[in-house]
Amino acid sequence: IEQALFDDPTQPPVVRYYVPFIGSMVEFGMDPIGFMRKHREQHGDFFTFLMFGRKMTVCLGSRGNDFLFNAKHSCVTAEDAYNNLTKPVFGADVVYDVPNSVLMEQKRIVKAGLSTKSFQRYVPMIIKETNDYIDKHWTKDEDTIDIFKAISELIIMSASRTLLGKEIRAQLYEGVADLYHTLDSSFTPIHFLFEWLPLPSYFSAPKAHAELESIFAKVIKARRLETNRESVDMLDVFLTSKYKDGTALTDLQATNMCIALLMAGQHTSAATTTWALLNLANQDNVRNGAYNDMKRAMGEDLPYPEFENLKDLQTLDDIVRETLRIHPPIVQVLRKVVKPIPIPESSHIIPAGNYLMASPVIAATDKAHFQDPETFKPSRWSQQDEAAEVEAEDKNSENTVNYGWGDMSLNSAKSPYLPFGAGRHRCIGEQFAYIQIKTILYVLLKRFDFKLDEKRGMPKSDYNSMVVLPEAPVSCRYIRRK
Ligand code: HEM
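Residues numbered from 1 in each chain as written. Predicted model: local features only at pLDDT ≥ 70, side-chain atom pairs only at ≥ 80, totals over all residues. Heavy atoms only, no water.

Peer 1: Which residues make up the site of the ligand, and what values do they have?
Peer 2: Taken together, 25 residues sit near the ligand, with Tyr 82, Tyr 96, Lys 107, His 425 and Cys 427 positioned nearest. A distance of 2.7 Å separates an oxygen atom of the ligand from a polar side-chain atom of Lys 107. Between the ligand and the protein, one listed contact pairs an oxygen atom with a side-chain N or O atom of His 425 at 2.5 Å. A molecule is said to occupy a pocket when more than half its atoms come within 2 Å of that pocket's grid points, and by this definition the ligand occupies the largest cavity. The set of elements that each furnish at least two residues to the shell around the ligand consists of α6 (100–113), α14 (251–282), β5 (333–337) and α20 (430–447). (Near = heavy atom within 4 Å. Polar contact = N/O pair within 3.5 Å; in protein donor to acceptor, adjacent residues only side chain to side chain. 1 Å grid on protein atoms, 1.4 Å probe; cavity = no way out; pocket = protein on both sides within 12 Å on 5 of 7 lines; lining within 4 Å. Sits in = over half its atoms within 2 Å of the grid points. Helix = DSSP H or I, 4+ residues; strand = E, 2+ residues; numbered from the N terminus.)

Written out as structure tokens, the structure is:
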């Protein structure tokens, strides 16, 4: 069967391997980015490799991104690729455990809940969570700490407080965080590859999920008894929203949507904030530039920002954007082919049963699109914004923002910069993530200066979870500002 794969001229080229069945799993697992870059040079934007009996067709560059993100749902689905992995974590009846049309409605409900009004409420909450944590844990004038651990706590506390509400936040350290952690441990590539293997988490995850459900059930019951309750968080939004056909979300769906949102944002935002801070700690000029820009935007004594001020913090914006270019937390976007699909402008057809894998980081770090692509240079974004403004003025057009990529705008699936994906499965948490990350960075930089731990330097990337994290322990030095 495997030889037939190599000989089939209708299919994309196949990466050679030596161990049947296992295929290229080891080479890919050790360094997925290096693997994709290397074989792209040899085979082009589309090629297939074997991994534990699965045929993975890699789709790279702007062409590959566009192909995967915009593929017709009748041919290519996310739910067939992800649900085995996500159902034990998110629970039943949400996201990939419902037909795609229902997911689209669930995403619409979330979007409506992430409104300007809610962001205005969330920013002071994120500031308070950050300050409370620092006051409790960063008590010295100077110390070297595991920064990823600290930031992960800041993200889970502020996301729980804002999205899930004050009752769940209050119980975070009375068991809820441990239950999340148990669920989280079944979110690894091993679980994607060995769905038939009885791994320990297959027993612990349902138990943890059931416990979380009962905690939420009590909160929901109490909220339902309140008359004229004002909607203040995402849980309220789920409890009061309706699908198009007029039916309401069940309590279990409301619970599981909350869990899914928290999980979708936790490691992604924690990794991004950590890499951003490490890069700041590593480059004095970037860090000082960000600090001075905060003063320019907010005033010498750096008052705490409100939601409306965040858009003026341009340098922090550039820093997050540049972090997501070089260190996007999601480097493998997966789909399953359910009906054979031809690759445009090629004679190849990808058969049903193959998985598709896009990796937007490959285009985002390709010198064809970005000068000096491996260098962390946040200023490249404001320079491009200025160039785009001039160009837009020249063209006298309001909606043409040209980032120097021909007709590819930041929102097009053809853009080489897609850390939040594109198309029907595009992230709905982008704005929330920017708000959370920029607010946390502002508070940290206002109160502390940061230096990289010289002995350890910048950490490597750890590819052992579905979200790429900095390799532990991630040490960094904080120095309290006088
Ligand atoms: C989807 C990245 C934060 C909720 C996605 C996708 C990417 C992504 C690449 C597309 C996945 C695919 O096409 O298979 C990120 C990054 C984040 C982040 C880089 C932070 C820096 C968040 C947050 C939330 C969230 C904070 C929730 C508040 C979602 C949801 C989807 C999604 C619900 C849709 C899944 C679908 O339609 O299949 N995200 N995300 N994300 N993200 Fe995010």
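Peer 1: Could you give an account of the sheet that holds strand β9 (residues 448–452), with specific residues and numbers?
Peer 2: If you trace the 3 strands from one edge of the open sheet to the other, you get β4-β12-β9, paired in antiparallel fashion. Strands at the two margins of the open sheet, each flanked by one partner only, are β4 (142–146) and β9. Each adjacent strand pair in this sheet contributes to an overall mean axis angle of 30°, direction not counted. Along the sheet face, helix α8 (residues 147–164) touches β4, β9 and β12 (475–480) and points at about 75° away from the line of β4. (Pairing = 2+ DSSP bridges. Axes fitted to C-alpha atoms, helices over the stretch in contact; angles between N-to-C directions. Contact = heavy atoms within 4.5 Å.)

Peer 1: Provide a residue-level description of the coordination of the iron atom of the ligand, including the pertinent values.
Peer 2: The protein supplies the iron atom of the ligand with one donor atom, Cys 427 (SG), which lies at 2.3 Å. Within the secondary structure, Cys 427 sits in the loop between α19 (379–395) and α20. (Donors = N, O, S within 2.8 Å, 3.2 Å for Na, K, Ca; no water.)

Peer 1: Go over the pattern of salt bridges with me, naming the residues and quoting the values.
Peer 2: Where charged atoms from two side chains of opposite charge come close, those side chains can pair. Per the stated rule, a full pass over the model turns up 29 salt bridges. The partner of Asp 141 in a salt bridge is Arg 480, and the shortest N-O contact between them spans 3.4 Å. Of the two residues, Asp 141 sits in the loop between α7 (116–137) and β4 while Arg 480 sits in strand β12, which places them 339 residues apart along the sequence. On the basis of relative accessibility, which here comes to 47%, the residue Asp 141 falls in the partly exposed class. (Salt bridge = Lys/Arg side-chain N within 4 Å of Asp/Glu carboxyl O. Buried < 20%, exposed > 50% of the residue type's maximum accessible area, 1.4 Å probe, protein only.)

Peer 1: Could you give me a rundown of the nonpolar core, with the residues and numbers involved?
Peer 2: Counting 151 residues, the largest nonpolar core has Trp 138, Ile 147, Tyr 180, Phe 216, Phe 238 and Phe 450 as its most contacted members. Sorting elements by how many residues they give to this core places α14 first, with 16 residues. (Core = buried A, V, L, I, M, F, W, Y, C linked by side-chain atoms within 4.5 Å.)

Peer 1: Could you give me a rundown of the sheet that holds strand β1 (residues 46–51), with the residues and numbers involved?
Peer 2: Taken together, 5 strands build an open sheet; the order of strands is β1-β2-β8-β5-β3 and the sheet is mixed. The strands lining the two open edges of the sheet, one partner per strand, are β1 and β3 (76–77). In this sheet, β5 lies alongside β3 in antiparallel orientation, the contact comprising 2 bridges. Residue pairing across strands places Val 76 opposite Val 337, the latter belonging to β5. Its contacts with the sheet put helix α3 (residues 32–43) on β1, β2 (54–59) and β8 (355–358), and the angle it makes with β1 is roughly 130°. Set on the sheet, helix α5 (residues 79–90) makes contact with β3, β5 and β8; between it and β5 the angle comes to about 120°.

Peer 1: How would you summarise the packing of aromatic side chains if you had to cite specific residues and measurements?
Peer 2: The tally for this structure, following the rule as stated, stands at 17 aromatic pairs. With a centroid separation of 5.5 Å and an interplanar angle of 85°, the aromatic rings of Phe 28 and Phe 35 are classed as edge-to-face. Owing to a relative accessible area of 5%, Phe 28 belongs among the buried residues under this scheme. Ring centres of Tyr 122 and Phe 432 lie 6.1 Å apart, and the angle between their planes is 85°; on these two criteria the pair is classed as edge-to-face. With Tyr 122 in helix α7 and Phe 432 in helix α20, this pair connects stretches of sequence that are 310 residues apart. For Tyr 122, a relative accessible area of 1% translates into the label buried. Assessed through its relative accessible area of 8%, Phe 432 is described here as buried. Stacked on the ring of Phe 370, the Lys or Arg Arg 325 has its end atom at 5.0 Å from the ring centre. Above the plane of the ring of Tyr 304 lies Lys 446, whose end atom (NZ or CZ) is 4.7 Å from the centre. (Phe/Tyr/Trp six-rings, centres within 6.5 Å; stacked < 30°, edge-to-face > 60°. Lys NZ or Arg CZ within 6 Å of the ring centre and 35° of its normal.)

Peer 1: Which residues make up the environment of Gln 266, and what are the values?
Peer 2: Inspection of the secondary structure puts Gln 266 in helix α14. A relative accessible area of 10% places Gln 266 in the buried class. Sequence-distant contacts of Gln 266, defined by excluding residues within four places in its chain, comprise Ser 152, Ile 155 and Ile 156. Polar side-chain contacts of Gln 266 include one of 3.3 Å to the backbone nitrogen of Ile 156.

Peer 1: Can you explain the layout of surface pockets? Please cite residues and give values.
Peer 2: In this structure, the largest pocket occupies an estimated 730 Å³ of space. Taken together, 31 residues make up the lining of the largest pocket; nearest its centre are Phe 148, Ser 152, His 181, Asp 184 and His 267. Of all the secondary-structure elements, those providing two or more residues to the lining of the largest pocket are α8, α10 (172–184), α14 and β11 (469–470). Of all the elements, α10 adds the most residues to the lining of the largest pocket, at 7 residues. (Points joined across faces, edges and corners; volume = space filled by probe spheres on them.)

Peer 1: Give me the lowdown on the packing of helix α15 (residues 284–298) against helix α17 (residues 314–326), citing residues and values where you can.
Peer 2: Viewed as axis vectors pointing N to C, α15 and α17 meet at an angle of 140°, and their least axial separation amounts to 8 Å. Taken together, the axis directions place α15 and α17 in an arrangement best described as oblique. Mapping the contact onto sequence places Val 286, Gly 289, Ala 290, Asp 293 and Met 294 in α15 and Gln 314, Thr 315, Leu 316 and Ile 319 in α17. Among the residues making up the contact of α15 with α17, the classes are represented as 5 nonpolar, 3 polar and 1 charged. (Parallel < 35°, antiparallel > 145°, perpendicular 65-115°, else oblique. Nonpolar A, V, L, I, M, F, W, Y, C, P; charged D, E, K, R; others polar.)

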